[in-house]
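# Examining the three-dimensional arrangement
So you can see what is in the structure, the chains are spelled out below.
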Amino acid sequence: MKKFTLIISVLIIFQLIFTGSVFAYSNSSAVSYADKYAVSPNRLNSLGQGYNYYSNDCTNFVSQCFYTGGLSQDSTWRSYVTYSVNTPTRHDSTAWTVAESFKNYVRDTGRAWKLGSSTLNGTPDPYLSYPYTNNSANLVSTNAGRTVIFYDWDGDGTMNHAAIYVVNNGSSTYSGEGSGDLIDQHTSNRKHVLWRPDRRQSSSKKYTTRVYAFQRKR
């Protein structure tokens, strides 16, 4: 009986190893990837390494970061390479590349939960709503690398942009933005800039934007 129990235990361990279940999500790996490729995208090369780069690349970039951190792909959220005459082609799902679809995916599959939403004036919504603040209690250091910030530019309930939260209470790399909680993003490509649209120099929709934060489960 002891021998049988040992065999079963070993099989379970091997199954966990090969399914990746024993490996915790790595916030630091996601942040390191985001910082490395925020300004210089990790483009697909002739060896099939790297990723596609789109004119609207924000969610594709965040997906890469989360995948590097340890979020496993599935049939809905995935990016994979095929070869034709030794030429690599990368295929990306809608959930991988489109902000609204990625938001629905992490919410509906339970792979992330909503921390809350924010507007410039703290306008109420059906969930939790907060005014824009520096270093909100909803964004702390342990959230970095596993929190995606979605932006609904028009307040119509459809996400238009996504970024990854990387630094708690840091100084923006852009002159005049000051300090606070920072994100990395694509389109436009930015590293260590404030997540708050009202503090961003280039934001023209700060009065109509609602920001949503979703945190990846450990």
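The present account deals with the structure reproduced in this document.

Next up on the list: the pairing of strand S2 (residues 87-92). The two faces of S2 differ: Pro-88, Arg-90 and Asp-92 on one face are buried, but Thr-87, Thr-89 and His-91 on the other face are not. For strand S1 (residues 79-84) and S2, the ladder comprises six bridges, and the chain directions are antiparallel. Opposite Ser-79, over in S2, you have Asp-92 as the bridge partner. As consecutive antiparallel partners, S1 and S2 are separated by two residues, and within that stretch Val-85 has a phi angle of approximately 50 degrees, a positive value.

Right, let's talk about the pairing of strand S3 (residues 112-119) for a bit. Most of S3 sits out of view: six of its eight residues are buried. Across six bridges, S3 lies against strand S9 (residues 210-216) in antiparallel orientation. Looking at the pairing, Trp-113 lines up with Gln-215 of S9.

Within the secondary structure layout, Glu-100 lies in helix H5 (residues 99-108). A residue is classified by how much of its surface remains accessible, and Glu-100, at 19% relative accessible area, is buried. Not counting residues up to four positions away in its chain, the partners in contact with Glu-100 are Gly-157, Thr-158 and Met-159.

Tracing the sequence through the fold places Gln-64 in helix H3 (residues 58-69). Since its relative accessible area comes to 3%, Gln-64 is described here as buried.

Bringing the packing of aromatic side chains into the picture now. Tallied over the entire structure, the rule returns 11 aromatic pairs. Ring geometry for Tyr-33 versus Tyr-37: centroids 4.6 Å apart, planes at 50 degrees, classification tilted. With a gap of four residues between them, Tyr-33 and Tyr-37 both fall in helix H2 (residues 27-37), about one helical turn apart. Across this residue pair, the class does not change: Tyr-33 and Tyr-37 are buried. Summarising the aromatic geometry, the rings of Phe-66 and Phe-102 are spaced 6.2 Å apart at their centres and angled 85 degrees between planes, so their arrangement reads as edge-to-face. With Phe-66 in helix H3 and Phe-102 in helix H5, this residue pair connects regions lying 36 residues apart in the sequence. You can call Phe-102 buried: its relative accessible area is 0%.

Thresholds applied
Residues numbered from 1 in each chain as written. Predicted model: local features only at pLDDT ≥ 70, side-chain atom pairs only at ≥ 80, totals over all residues. Heavy atoms only, no water. Buried < 20%, exposed > 50% of the residue type's maximum accessible area, 1.4 Å probe, protein only. Helix = DSSP H or I, 4+ residues; strand = E, 2+ residues; numbered from the N terminus. Pairing = 2+ DSSP bridges. Contact = heavy atoms within 4.5 Å. Phe/Tyr/Trp six-rings, centres within 6.5 Å; stacked < 30°, edge-to-face > 60°.

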